Amino acid sequence: MPYFDAASSAPLHPVARQALLASLDEGWADPARLYREGRRGRVLLDAAREAAAEAVGCRPDELTFTSSGTRAVHTGIAGTLAGRRRVGRHLIVSAVEHSSVLHSAELHESAGGTVTQIAVDRTGMVEPSAYAAALRADTALACLQSANHEVGTEQPVPAVAEACRAAGVPLLVDAAQSLGWGPVEGDWSLLTASAHKWGGPSGVGLLVVRKGVRFAPQGPVDERESGRAPGFENIPAIVAAAASLRAVRAEAAQEAPRLRELTERIRVRVPQAVPDVEVVGDPVRRLPGVVTFSCLYVDGEALLHELDREDFSVSSGSSCTSSTLTPSHVLRAMGVLSEGNVRVSLPPGAAEEDVERFLEVLPRAVAAVREKLGAPVASEIAREEDVLVVDSLGKRCPIPVIELAKVIGDVRVGGLVRVLSDDEAARLDIPAWCEMRGQEYVGEEPAHKGTAYLVRRVS
């Protein structure tokens, strides 16, 4: 079964499996003890730290192993904000950061701090000048991911880091998605990552704090990992994480171009094979194996089930997935279509024939979902009314957009369609539909229940 969701979690690398099994016999004892078994554990832990530090591009004593990438983010942000509290309580994040960063920002704000969220363009990229403009005398920390986890867009970390360094503000980089492909460039101050993103075992994260960064670990004091990650180290998992990071780095030069070619094939051919599709994310500055697209008039969860029945494992940022009823914050910030969203993230070693079969299966899967939802057939009847009201109250996911598409041909050119909806996704998807279909999005206005979205027929 082709697994195309490596951005969520990559399959365990063979080197990680070998290292994990081998270190289970040697790395079970407390590395803080001085007897023989403890010394063996310490040797394994120190070697893993040195290997990981070499891959990151930092000193071994700057790197801490945590219980997850999320824990690394929470610890890094909280510790830096506390260490620099005399400077101020202002935090800067981008609108498309991982939820772990945004949740930390929410907690900081609820405790009386201030947060500036930097907008992105339609490709999901920040403008470095926006970070420079947001820096203030009381800015304690800025955060920016190296590459986006949903659409694959790479961020201009070096330029942002330069602006932060000039202002004396540390920059924390979430490198979870990119570290397996290479070190993060730029003069950053803190870095976080997660082993299961590059084929290591889950439950291992990295937190790097450069020397000179004022950092005050929060919570009860613990003697392990410089006081930054309490609890007994999982030495076998840490050893496997470091070994797999070294292995994927060695394979990256050959594998990255191959995966870029495969994802470019998907980017080009999906819009050719499936009508009404928007491919999102930067077309050039992107991770090697990630491609994301959204299909009009499609329920994202239903489409994932259709693809799963065809033995393809993919993920979605649609609002109508089982975990949420609101659109992905990343797609919302980009202003792109969210419904029928599919993220394909190819793991290293993904087979070309599997990608080709995916391209064969996808049009049938989309057509099947659209048929079930009653997707529109273009109407040749024109109405004389200036305004046509579509009542989609209580209907979720792509239904408001489907209803809009069904009737847009029923109004004269220059006429309006007024879509009533109480689904938050409509605020994002109706403007995106207008841009894709060449119609004019006039705006929104309050309605008796929900919101009225006005669309003018242009063609």
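Predicted model, so just to flag it, every value in this text is computed and none were measured.

Colleague: Mind laying out the nonpolar core, listing which residues take part and the relevant values?
Modeller: In terms of nonpolar packing, the biggest core is built from 56 residues, with Val-56, Leu-63, Phe-65, Leu-171 and Trp-198 touching the most fellow members. With 9 residues, the single largest contributor to this core is helix α7 (residues 235-273). If sequence neighbours within four positions are ignored, Phe-65 has contacts with Leu-45, Ala-48, Arg-49, Ala-52, Val-204, Gly-205, Leu-206, Glu-225, Ala-229 and Ile-238. Membership of the second largest hydrophobic core comes to 28 residues, among which are Ile-266, Cys-295, Val-342 and Leu-362.

Colleague: Describe the state of the cysteines, listing the residues and the values that go with them.
Modeller: With the rule as written, the count across this model stands at 0 disulfides. Its sulfur unpaired, Cys-58 is 18 Å from the next cysteine sulfur, which belongs to Cys-143.

Colleague: Which residues make up the UniProt feature "domain: UPF0033" (unreviewed entry) in the protein chain, and what are the values?
Modeller: Within this numbering scheme, the UniProt entry marks residues 390-414 as carrying the feature "domain: UPF0033" (unreviewed entry). With 36% helix and 8% strand, residues 390-414 has its two end C-alpha atoms placed 17 Å apart.

Colleague: Any details on the environment of Arg-265? Residues and values, ideally.
Modeller: Mapping Arg-265 onto the fold places it in helix α7. Those residues in contact with Arg-265 that lie beyond four places of it in its chain are Glu-352, Glu-356 and Leu-359.

Colleague: Talk me through the sheet that holds strand β2 (residues 90-94); I want residue IDs and the actual numbers.
Modeller: Spatial ordering of the open sheet is given by β1-β7-β6-β5-β4-β2-β3, a layout of 7 strands whose pairing is mixed. Edge positions in the open sheet fall to β1 (63-66) and β3 (114-118), since each of these has one partner strand only. Pairwise comparison of adjacent strand axes, ignoring direction, gives a mean angle of 20° for this sheet. Summarising the sheet, β2 and β3 pair through 5 bridges and their orientation is parallel. What sits directly across from Leu-91, in β3, is Val-115.

Colleague: Can you explain the environment of Met-125? Please cite residues and give values.
Modeller: If you trace the backbone, Met-125 turns up in the loop between β3 and α5 (128-134). Taking C-alpha positions, Met-125 is 7.7 Å from Asp-282, a pair spaced 157 residues apart along the chain.

Colleague: Kindly report on helix α2 (residues 36-56), identifying the contributing residues and their values.
Modeller: The terminal C-alpha atoms of α2 lie 30 Å apart, and with 21 residues this matches the ideal 30 Å at 1.5 Å per residue to within 8%. Restricting attention to buried positions, one finds in α2 the residues Gly-38, Gly-41, Leu-45, Ala-48, Arg-49, Ala-51, Ala-52, Ala-53, Ala-55 and Val-56. Buried residues along α2 sit in contact with β1, β6 (190-194), β7 (205-209) and α7. Where α2 terminates, the next one or two residues include Gly-57, which has phi positive at roughly 95°.

Colleague: Break down the pairing of strand β14 (residues 451-456) for me, with residues and values.
Modeller: The element β14 is extensively covered by neighbouring structure, given that 5 of its 6 residues are classed as buried. Inspection of the sheet shows strand β12 (residues 416-421) paired to β14 by 6 bridges, in the antiparallel sense. Bridging across to β14, Leu-416 finds its partner in Arg-456.

Colleague: Tell me about the packing of aromatic side chains, and please be specific about residues and values.
Modeller: In this structure the tally under the stated criterion is 3 aromatic pairs. The interplanar angle of 45° and the centroid separation of 5.7 Å between the aromatic rings of Phe-4 and Phe-312 together place this pair among those described as tilted. Of this pair, Phe-4 sits in the segment before α1 (14-24) while Phe-312 sits in the loop between α8 (300-309) and α9 (329-334), placing them 308 residues apart in sequence. Pairing Phe-4 with Phe-358 gives two aromatic rings, centres 6.0 Å apart and planes at 70°, and the pair type is edge-to-face. Placement of the pair is Phe-4 in the segment before α1 and Phe-358 in helix α10 (residues 352-373), with a sequence separation of 354 residues. For the residue pair Phe-4 and Phe-358, the accessibility class agrees, reading buried in each case. An aromatic cluster is built from Phe-4, Phe-312 and Phe-358, whose rings are joined through pairwise contacts. The ring of Trp-188 carries Arg-210 above its face, with NZ or CZ at 4.0 Å from the centroid.

Colleague: Can you break down the side chain of Arg-224 residue by residue, with the values?
Modeller: Structurally, Arg-224 is set in the loop between β7 and α7. By relative accessible area, Arg-224 is classed as buried at 13%. There is a polar contact of 3.0 Å between the side chain of Arg-224 and the side chain of Asp-30. Within the structure, Arg-224 has its side chain in polar contact with the side chain of Glu-233 (distance 3.1 Å). The residues contacting Arg-224, other than those within four sequence positions of it, are Asp-30, Pro-31, Ala-32, Ala-229, Gly-231, Phe-232 and Glu-233.

Colleague: Would you mind going over the pattern of salt bridges in detail, with residue names and values included?
Modeller: Evaluation of the coordinates by the stated rule reveals 32 salt bridges. A salt bridge links Glu-356 to Arg-269; its shortest N-O distance comes to 2.8 Å. Of this pair, Glu-356 sits in helix α10 while Arg-269 sits in helix α7; the two residues are 87 residues apart in sequence, bridging distant segments of the chain. Judged by relative accessible area, Glu-356 falls into the partly exposed class, the value being 22%. The salt bridge partner of Lys-372 is Glu-306, with a shortest N-O separation of 2.9 Å. Of this pair, Lys-372 sits in helix α10 while Glu-306 is found in helix α8, placing the two residues 66 residues apart along the sequence.

Colleague: Lay out the pairing of β2 with the relevant residues and their values.
Modeller: The two faces of the sheet receive side chains in turn, since in a regular strand these alternate between them. In terms of burial, β2 is largely enclosed, as 5 of its 5 residues are buried. Burial along β2 is two-sided: His-90, Ile-92 and Ser-94 and Leu-91 and Val-93, pointing in opposite directions, are all buried. Taking the sense of rotation as the criterion, the β-α-β connection linking β2, helix α4 (residues 99-110) and β3 turns out right-handed. Note that β2 and strand β4 (residues 139-145) share 3 bridges and pair parallel. Directly across from Ile-92, in β4, lies its bridge partner Ala-142.

Reading the values: the criteria
- Residues numbered from 1 in each chain as written.
- Predicted model: local features only at pLDDT ≥ 70, side-chain atom pairs only at ≥ 80, totals over all residues.
- Heavy atoms only, no water.
- Core = buried A, V, L, I, M, F, W, Y, C linked by side-chain atoms within 4.5 Å.
- Buried < 20%, exposed > 50% of the residue type's maximum accessible area, 1.4 Å probe, protein only.
- Helix = DSSP H or I, 4+ residues; strand = E, 2+ residues; numbered from the N terminus.
- Contact = heavy atoms within 4.5 Å.
- Disulfide = S-S within 2.5 Å.
- UniProt positions renumbered as here; feature names shortened; annotations may be inferred.
- Pairing = 2+ DSSP bridges.
- Axes fitted to C-alpha atoms, helices over the stretch in contact; angles between N-to-C directions.
- Expected span 1.5 Å × (residues − 1).
- Phe/Tyr/Trp six-rings, centres within 6.5 Å; stacked < 30°, edge-to-face > 60°.
- Lys NZ or Arg CZ within 6 Å of the ring centre and 35° of its normal.
- Polar contact = N/O pair within 3.5 Å; in protein donor to acceptor, adjacent residues only side chain to side chain.
- Salt bridge = Lys/Arg side-chain N within 4 Å of Asp/Glu carboxyl O.
- Right-handed = clockwise from strand over helix to strand, strands pointing away.

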